[in-house]
Amino acid sequence: WMVWAVDLASRKGETVLDPFMGSGTTGVACMNLGRSFIGIEIEPKYFDIACERIENAQRQERLFA
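No experiment lies behind these values; they were computed from the predicted model shown.

Draft legend 1. Up close: the nonpolar core. With eleven residues, the main nonpolar core is built from Val-6, Val-16, Met-21, Val-28, Ala-29, Cys-30, Leu-33, Phe-37, Ala-50, Ile-54 and Ala-57. Of all the secondary-structure elements, those providing two or more residues to this core are helix H2 (25-33) and helix H3 (44-59).

Dropping the structure here:
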């Protein structure tokens, strides 16, 4: 769902802001769609989880275009 929402609401190369980052689902969608991402999360536990998920998405090679 988040890939669909990010794709619908932004263009490639644009920056998406997620002020309630949680586990980073929006950030991962942005990485997969070629968008820049700014995420804000007040809870350190979830911030760490989100950072790890987004870093993994950056490292992972795309299997499908």
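From this point, the discussion proceeds with the structure in view.
Draft legend 2. Main features of the pairing of strand E1 (residues 15-18). Only one face of E1 is covered, namely the one carrying Val-16 and Asp-18; the face carrying Thr-15 and Leu-17 has none of its residues buried. When E1 meets strand E2 (residues 36-39), the two strands line up parallel, connected through four bridges. Bridge pairing in E2 links Asp-18 to Gly-39. Handedness of the β-α-β unit built from E1, H2 and E2 comes out right-handed.

Draft legend 3. Up close: the packing of aromatic side chains. This structure, assessed with the given rule, holds one aromatic pair. The interplanar angle of 90° and the centroid separation of 6.2 Å between the aromatic rings of Trp-1 and Trp-4 together place this pair among those described as edge-to-face. The burial state of Trp-1 is the same as that of Trp-4; both residues are exposed.

Here is what the cut-offs are and how they apply
Residues numbered from 1 in each chain as written. Predicted model: local features only at pLDDT ≥ 70, side-chain atom pairs only at ≥ 80, totals over all residues. Heavy atoms only, no water. Core = buried A, V, L, I, M, F, W, Y, C linked by side-chain atoms within 4.5 Å. Buried < 20%, exposed > 50% of the residue type's maximum accessible area, 1.4 Å probe, protein only. Helix = DSSP H or I, 4+ residues; strand = E, 2+ residues; numbered from the N terminus. Pairing = 2+ DSSP bridges. Right-handed = clockwise from strand over helix to strand, strands pointing away. Phe/Tyr/Trp six-rings, centres within 6.5 Å; stacked < 30°, edge-to-face > 60°.

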